[in-house]
Amino acid sequence: MKLTGAEILWECLIREGVDLVFGYPGGAILPAYDAMTKYPQIHHVLVRHEQGAAHMADGYARATGKVGVAVATSGPGATNLVTGIATAMLDSSPIVCITGQVPTSVIGSDAFQEIDITGITLPITKHNYLVTEVDEIAPTIREAFHIAKSGRPGPVLVDIPKDVQIAVTEYEPISEPAVVPSERLVTVATTDEVDRALALLEESERPLILAGHGLTLSGAEQELLEFAEKRQIPVALTLLGKGTLAEGHPLCLGMMGMHGEAHVNIAIQEADLLLAFGMRFDDRVTGDLKTYAQNSKKIHVDIDASEINKNVRVDLGIVGDLKHVIGQITERMQPAEHAEWVNLIQSWQDDRHLRDIYNADPGGKLYAAHVIRDLWKYTGGECVVVTDVGQHQMWEAQYYHHQRPRTLITSGGLGTMGFAVPASIGAKMGLKDGEVWTIVGDGGFQMTMMELATAVEQKVNVNIAIMNNSYLGMVRQWQEFFYEERYHATPMGSPDFCKLADAYRIPNMRVTRREEIPQAVEFARQQTEGPVLIEFVVEKHDIVYPMVPAGASLHNMIRRPVAGAVTEKE
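Computed from a prediction, not measured in an experiment: that's the story for all the values here.

## Re the environment of Ile425
So, step 1. Within the secondary structure layout, Ile425 lies in helix 18 (residues 420-431).
So, step 2. Put simply, Ile425 and Leu452 are 27 residues apart on the chain and 9.2 Å apart in space, counted from C-alpha to C-alpha.
So, step 3. Those residues within four positions of Ile425 in sequence are excluded, and the remaining contacts are Met56, Glu451, Ala455 and Val460.

## Side note on the layout of surface pockets
So, step 1. A volume near 520 Å³ is recorded for the second largest pocket.
So, step 2. For the second largest pocket, the lining is made up of 24 residues, of which Lys126, Ser150, Arg152, Leu185 and Asp304 are closest to its centre.
So, step 3. Both of domain 1 (2-170) and domain 2 (191-347) provide at least three residues apiece to the lining of the second largest pocket.

## Things to note about the packing of helix 11 (residues 221-231) against helix 14 (residues 322-332)
So, step 1. Look at helix 11 against helix 14: their axes get within 9 Å of each other, and the N-to-C directions meet at 25°. Classed by the angle they form, the pair helix 11 and helix 14 counts as roughly parallel. Between helix 11 and helix 14 lies a crossing whose hand is left-handed. Of the residues in helix 14, those touching helix 11 at Glu223, Leu224, Glu226, Phe227 and Lys230 are Lys323, Ile326, Gly327, Ile329, Thr330 and Glu331.
So, step 2. Taken together, the residues of the contact of helix 11 with helix 14 sort by class into four nonpolar, two polar and five charged.

## Concerning the pattern of salt bridges
So, step 1. Within this structure, the stated rule accounts for 25 salt bridges.
So, step 2. Of the charged contacts, one joins Glu484 and Arg486 as a salt bridge, the two residues approaching to 2.8 Å between their closest N and O atoms.
So, step 3. Where salt bridges share partners, they join Arg152, Asp304, Glu307 and Lys310 into one cluster.

## Considering the sheet that holds strand 10 (residues 235-237)
So, step 1. Across the sheet, six strands lie side by side as 11-10-9-12-13-14; this open sheet has parallel pairing. The sheet is open, and its two edges are formed by strand 11 (252-255) and strand 14 (316-319), each paired on a single side. Going from strand to strand, the sheet's axes swing by 15° on average, the running direction of each strand aside.
So, step 2. Here helix 9 (residues 191-203) sits on the sheet in contact with strand 12 (273-277), strand 13 (297-302) and strand 14, set at roughly 140° to strand 14.

## Structural notes on the nonpolar core
So, step 1. Within the largest apolar cluster, 47 residues are counted, with the highest numbers of intra-cluster contacts made by Phe22, Leu81, Val386 and Phe445.
So, step 2. When residues of this core are assigned to their parent elements, the largest contribution, seven residues, is made by helix 3 (residues 50-64).
So, step 3. Counting 37 residues, the second largest nonpolar core, distinct from the first, contains Ile42, Val71, Ile98 and Tyr129.

## Examining helix 12 (residues 262-270)
So, step 1. Most of helix 12 sits inside the fold, with eight of its nine residues counted as buried.
So, step 2. The set of residues buried in helix 12 consists of Ala262, His263, Val264, Asn265, Ile266, Ala267, Ile268 and Gln269.
So, step 3. Residues of helix 12 that are buried sit in contact with strand 9 (207-211), strand 10, strand 11, strand 12 and helix 15 (339-355).

## So, the domain arrangement of the protein chain
So, step 1. Under the domain assignment used here, the protein chain contains domain 1 (2-170), domain 2 (191-347) and domain 3 (352-537).
So, step 2. Here the C-alpha centre of domain 3 lies 30 Å away from the C-alpha centre of domain 2.
So, step 3. With 17 residues of domain 2 at the interface, the matching set in domain 3 holds 20 residues.
So, step 4. Of all residues in domain 2, Leu239, Lys242 and His259 bury the most surface against domain 3, accounting for 36% of the area lost on that side.
So, step 5. At the boundary of domain 2 and domain 3, one finds zero salt bridges.
So, step 6. Taken together, the connections running from domain 2 to domain 3 amount to four residue pairs in polar contact (both at pLDDT 80 or more).
So, step 7. Looking at the side of domain 2 that touches domain 3 residue by residue, the classes come out as seven nonpolar, four polar and six charged.

## Side note on the pairing of strand 3 (residues 43-46)
So, step 1. As judged from the four bridges shared by strand 2 (residues 20-23) and strand 3, these two strands associate in the parallel manner. Bridge pairing in strand 3 places Leu20 opposite His43.
So, step 2. Chirality of the crossover, the property in question, places the unit of strand 2, helix 2 (residues 30-36) and strand 3 among those that are right-handed.

## A word on empty space enclosed by the protein
So, step 1. Under the criterion given, the structure shown has two cavities of 30 Å³ or more.
So, step 2. If you add up the space inside the largest cavity, you get close to 110 Å³.
So, step 3. Forming the boundary of the largest cavity are Arg62, His213, Thr216, Leu240, Lys242, Pro405, Arg406, Leu408, Ile409 and Thr410.
So, step 4. Tallied by class, residues from the lining of the largest cavity come to four nonpolar, three polar and three charged.
So, step 5. Structurally, the lining of the largest cavity is a two-domain feature, drawing no fewer than three residues from each of domain 2 (191-347) and domain 3 (352-537).
So, step 6. The volume enclosed by the second largest cavity comes to roughly 50 Å³.
So, step 7. If you go around the second largest cavity, the residues you meet are Cys12, Arg15, Glu16, Ala138, Arg142, Tyr171 and Ile174.
So, step 8. At the level of elements, helix 1 (5-15) and helix 7 (137-149) are the ones that each hand at least two residues to the lining of the second largest cavity.
So, step 9. Considering only residue class, the lining of the second largest cavity consists of four nonpolar, no polar and three charged.

Calculation rules
Residues numbered from 1 in each chain as written. Predicted model: local features only at pLDDT ≥ 70, side-chain atom pairs only at ≥ 80, totals over all residues. Heavy atoms only, no water. Helix = DSSP H or I, 4+ residues; strand = E, 2+ residues; numbered from the N terminus. Contact = heavy atoms within 4.5 Å. 1 Å grid on protein atoms, 1.4 Å probe; cavity = no way out; pocket = protein on both sides within 12 Å on 5 of 7 lines; lining within 4 Å. Points joined across faces, edges and corners; volume = space filled by probe spheres on them. Domains from an automatic or database assignment. Axes fitted to C-alpha atoms, helices over the stretch in contact; angles between N-to-C directions. Parallel < 35°, antiparallel > 145°, perpendicular 65-115°, else oblique. Left-handed = near helix turned anticlockwise from the far one by under 90°. Nonpolar A, V, L, I, M, F, W, Y, C, P; charged D, E, K, R; others polar. Salt bridge = Lys/Arg side-chain N within 4 Å of Asp/Glu carboxyl O. Pairing = 2+ DSSP bridges. Core = buried A, V, L, I, M, F, W, Y, C linked by side-chain atoms within 4.5 Å. Buried < 20%, exposed > 50% of the residue type's maximum accessible area, 1.4 Å probe, protein only. Buried area = accessible area lost by both parts, 1.4 Å probe. Polar contact = N/O pair within 3.5 Å; in protein donor to acceptor, adjacent residues only side chain to side chain. Right-handed = clockwise from strand over helix to strand, strands pointing away.

Set out below in structure tokens:
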């Protein structure tokens, strides 16, 4: 059958299982939008800014495990996607971004709204395409989806000039799977690799598993559980690894790194064997590489060969799919106990309770840590939480205990402020029935708060919890510790968030006292259609403890004082 390039685009997306796209129209992508009217099985979400489209596609992908799709026009429409694409790239999130481009006849002439978006996004995509022939659309879309979701997932961009969208050709659906000539995926470990891993395990008395985001991407949570329990090995989590092992499990220690648990960081430094599963040893996890886990041997398993020995030299690197590799090792390894090691870590963990702000007298103030722990309590720990970036992000990681994978969605690698609101919309639209809470600071919220209109228009039932401390809190914290308390450009004014919600016809509440939190959570949960906004007016001068200063050794943490637990600032 003869179809236009634009029609072929939608035919191909439907064949890839797409029924939801996030986008914003414009001249160079208008043929595709016009053709979309013939495909009612695809629901289009009109965002208020293209960055929101990329984050929504990302949130959808992280919540569902499917490929998210964002659509934009050429020029500024395409460049507005860039932050969202980079966010997805650093966190290995599978999205496909489709952009319009000026006609092929004027490419390179600085035509109106022309930009080399494939050149711009080359470093922040797994792959990208400029489609110059209408017959290339179908195989390109098939290949783009395959690349986005295979191996280590990531974003792919497809740029389609306007004349290619208008051109007509014979279309025949592609039935065979995509083949990428340069792709050489290794999924299983060799017998020698398994033998070497078993030998290192047998030699170890203080082993520790470092569980990363790759476990969720592989669907290897059950394999991790069986491995840890069979060998009785404690498990430390990266930020994006939260939920890979239930945080109520006795072997789960909590989060590692710059704002991780003190006992976890000490355990890493004292371990004699680290088993790094699907994590990349980034600087926020390791601290000073010269002093990182000097006494341990290291096994690193990852689907991406480029991660092995990139930051930390390891004794055994295994390139493969975690679900297969962990299963291979578990099948052959003998059961073991490490009671002395586990008890030692527990003794370090006891110190946390003496320093925990949650156990301190708040003195009538409302602290974000209290809000987040109470949110965990009153939701039963069962909801999906989407956070923005900053202090609240770290408090969420410390105080909301996740029991299942894909229940914490956050920007880890890029640290993108403005991520939470649009990503939570995408997550909720993908999950449909799941309860979704957005935890966001007053700074990050104002970066993408225009997407409230999208949530209202689409009747997306997401609960938005703003932690309003009238500061760029994490930057202010660094200024306090390292810049002699020169709080320049961090005090932040904001609109009246509740009146803003009123303007969007969004049910809302303001909370200033801790005893109001249960009522606020119940108020939000009673709303069944459309978003809800709760503003929590929290302590301005709070600090995330512990903290490993940038470039410091992992064990050299700044900890909250035992007495008082709260740093007072007037």
